[in-house]
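# A closer look at the structure
The chain contents come next:
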Amino acid sequence: MFGALKKTIGVCLIGIGLGVLLVLLLPITGWLFLIGATVLVIGFMWLFC
């Protein structure tokens, strides 16, 4: 049960990170790009660890 929840949260974090990166690449600003990349990396870590 917890494994499925963990994978769901990981996929959601990856989706949010990718969405932030794709939307915010239009006006490239450093700190917003960093937030998106960080959420993406955390999502992958959550999914595979």
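Before reading further, recall that the structure is shown in the block above.
Calculation notes
Residues numbered from 1 in each chain as written. Predicted model: local features only at pLDDT ≥ 70, side-chain atom pairs only at ≥ 80, totals over all residues. Heavy atoms only, no water. Helix = DSSP H or I, 4+ residues; strand = E, 2+ residues; numbered from the N terminus. Buried < 20%, exposed > 50% of the residue type's maximum accessible area, 1.4 Å probe, protein only. Contact = heavy atoms within 4.5 Å. Patch = residues over 30% accessible without salt bridge, like charges linked within 9 Å, V, L, I, M, F, W, Y side chains within 5 Å. Areas by Shrake-Rupley, 256 points an atom, 1.4 Å probe, with all protein chains shown as cover. Salt bridge = Lys/Arg side-chain N within 4 Å of Asp/Glu carboxyl O.

## Quick word on the environment of W46
Looking at where W46 falls in the secondary structure, it is placed in helix α2 (residues 30–48). Classification of W46 as partly exposed rests on a relative accessible area of 37%. For the pair formed by W46 and T8, sequence separation is 38 residues and the distance between their alpha carbons is 9.7 Å. Leaving out residues up to four positions away in the same chain, W46 has contacts with K6, I9 and G10.

## Structural notes on a nonpolar patch on the surface
There is a patch of nonpolar side chains on the surface, built from F2, L5, I9 and W46 and spanning about 400 Å² of accessible area. No other element matches helix α1 (residues 2–24), which puts three residues into the nonpolar patch. On the secondary structure map, I9 appears in helix α1. Under the relative-accessibility criterion, I9 is labelled partly exposed at 33%.

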